[in-house]
Amino acid sequence: MKLSDFGFTDGINEVIGITFGRWINTAPLGIIVDDPDGRFAKLRIYPSHTKKNLKRGILYVNVSNDAVIFTISAFEDLDESWFESLNPPILRGSLAWCKFKAKLKDGWVDLELLDGEVLRRVVRTVNRGFYAMIEALIYATRLKHNPNFIENVKHYSSIVEKCGGRREKEALNLLRKYLENLLSD
């Protein structure tokens, strides 16, 4: 079993992380892979529920192409209705799931692939709107650290409007609602 079996490539791989504490915690994560033919990866982690839950030593991830799932989980936890299964945790429509052993150290998490399953084999062309939506979300979740990132959010949002499909545009509308609430506080 190796990372590439589940679609991981070298570089940063955007997935939905799932941890357990008092409740199910879901969040987009960028898993950094140097060797896709290996079992080891790493993750930069910031103070959050995800970081607290990772102290338990386990991280599940779902590989997904659903921009709405990425958007909602960037701002709140997905409830059980979003899941096909809780053991292992599998979000509706996920392409694969993986279980990692997680070891925290100095703002980083060392990951070792323990288990996983490919659920769906989907052939999909590159959709610029999906990837622009991911970039918009990354900047949107960092606005509290740098308010100037709003310009980046606007830039990537215009690409979503131009190139995205129905699901990406739905995600963009959700992002705008989250930002209205975030910026009005």
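Note that this is a predicted model, so its numbers are computed, not measured.

Criteria and thresholds
Per chain, the residues get numbers from 1 upward, laid out in the order the sequence is written. Predicted model: local features are reported for residues with pLDDT of at least 70 only, side-chain atom pairs are reported and counted for 80 or more only, and whole-chain, interface and lining totals are derived from all residues. The side-chain numbers reported here are obtained from all heavy atoms of the structure, hydrogens and water having been left aside. By definition, two strands form a pair when at least two bridges between them are found by DSSP. A run of H or I in DSSP becomes a helix once it reaches four residues, and a run of E becomes a strand once it reaches two; helices and strands are each numbered from the N terminus. Lines are fitted to the C-alpha atoms to define the axes, a helix being fitted only along its stretch in contact, and any angle between axes, read from their N-to-C directions, falls within 0 to 180 degrees. When two rings of Phe, Tyr or Trp (its six-membered ring) have centres within 6.5 Å they constitute a pair, described as stacked for plane angles under 30 degrees, edge-to-face for angles over 60, and tilted for the intermediate range. For every residue, the accessible area obtained with a 1.4 Å probe (protein chains only) is divided by the maximum for its type, and the residue is called buried under 20%, exposed over 50%, and partly exposed between those limits. Distance and angle both matter: a charge sits over a ring if NZ of Lys or CZ of Arg is within 6 Å of the ring centre and within 35 degrees of the ring normal. Put simply, a patch holds well-exposed residues, over 30% relative accessible area, that have no salt bridge, with like charges counted together within 9 Å and Val, Leu, Ile, Met, Phe, Trp or Tyr side chains within 5 Å. All accessible areas in this document rest on Shrake-Rupley with a 1.4 Å probe, and a residue is counted as covered only by the protein chains that are shown. The rule for a salt bridge is simple: a side-chain nitrogen of Lys or Arg has to be within 4 Å of a carboxyl oxygen of Asp or Glu. Think of it this way: Lys and Arg go in the positive column, Asp and Glu in the negative one, and His and the chain ends go nowhere. Here the site of a charge means atom NZ of a Lys, CZ of an Arg, CG of an Asp or CD of a Glu. To estimate the expected span of a helix, subtract one from its residue number and multiply by 1.5 Å. Directions pointing from the helix axis toward each C-beta atom define the arc. What makes two residues a contact is simply this: any of their non-hydrogen atoms within 4.5 Å.

Caption draft 1: The sheet that holds strand 7 (residues 96–105), seen in detail. Around the barrel, which closes on itself, the 6 strands sit in the order 1-2-3-8-7-4 with antiparallel pairing between neighbours. Looking at each pair of strands side by side, their axes are set apart by 45 degrees on average, direction ignored. Across 10 bridges, strand 7 lies against strand 8 (residues 108–118) in antiparallel orientation. Across the sheet, the residue bridging to Lys-105 is Trp-108, located in strand 8.

Caption draft 2: View of the packing of aromatic side chains. Using the criterion set out here, one finds 8 aromatic pairs in the structure. Centroid distance Tyr-60 to Trp-97: 6.4 Å. Interplanar angle 45 degrees. Geometry classified as tilted. One end of the pair, Tyr-60, is in strand 4 (residues 58–63); the other, Trp-97, is in strand 7, with 37 residues separating them in the sequence. Like Trp-97, Tyr-60 is buried. Taken together, the ring pairs in this structure connect Phe-20, Tyr-60 and Trp-97 into an aromatic cluster. Its guanidinium or amino end placed over the ring of Trp-108, Lys-42 lies 5.5 Å from that ring's centre, counting from NZ or CZ. Sitting over the ring of Phe-130, Arg-124 keeps its end group 5.2 Å from the ring centre.

Caption draft 3: Local environment of a negative patch on the surface. A contiguous patch of negative charge on the surface is contributed by Asp-5, Asp-10, Asp-34, Asp-35 and Asp-37. Structurally, the position occupied by Asp-35 is in the loop between strand 2 (24–33) and strand 3 (40–44). The exposure class of Asp-35 is partly exposed, given its relative accessible area of 42%.

Caption draft 4: Region of interest: helix 5 (residues 166–184). Here helix 5 is 19 residues long and its end C-alpha atoms lie 27 Å apart, about the 27 Å a rise of 1.5 Å per residue gives. Among all positions in helix 5, only Glu-168, Ala-171, Leu-172, Leu-175, Tyr-178 and Leu-179 are buried. Buried residues of helix 5, seen end-on, are gathered within an arc of 125 degrees and therefore sit on one face of the element. Summarising the geometry of helix 5, the exposed residues directed more than 90 degrees from the buried face are Arg-166, Lys-177, Glu-180, Asn-181 and Ser-184. In the core, the buried residues of helix 5 are packed alongside helix 2 (67–75), helix 3 (128–140) and helix 4 (150–163).

Caption draft 5: Representation of the pattern of salt bridges in the model. Summed over the entire model, instances satisfying the criterion amount to 9 salt bridges. With a shortest N-O distance of 2.5 Å, Glu-84 and Arg-120 are connected by a salt bridge. Of this pair, Glu-84 sits in strand 5 (residues 83–86) while Arg-120 sits in the loop between strand 8 and helix 3; the two residues are 36 residues apart in sequence, bridging distant segments of the chain. Residue class for Arg-120 comes out partly exposed when judged on its relative accessible area of 33%. Among the ionic contacts, a cluster of salt bridges with common partners joins Asp-66, Arg-166, Arg-167 and Glu-170.

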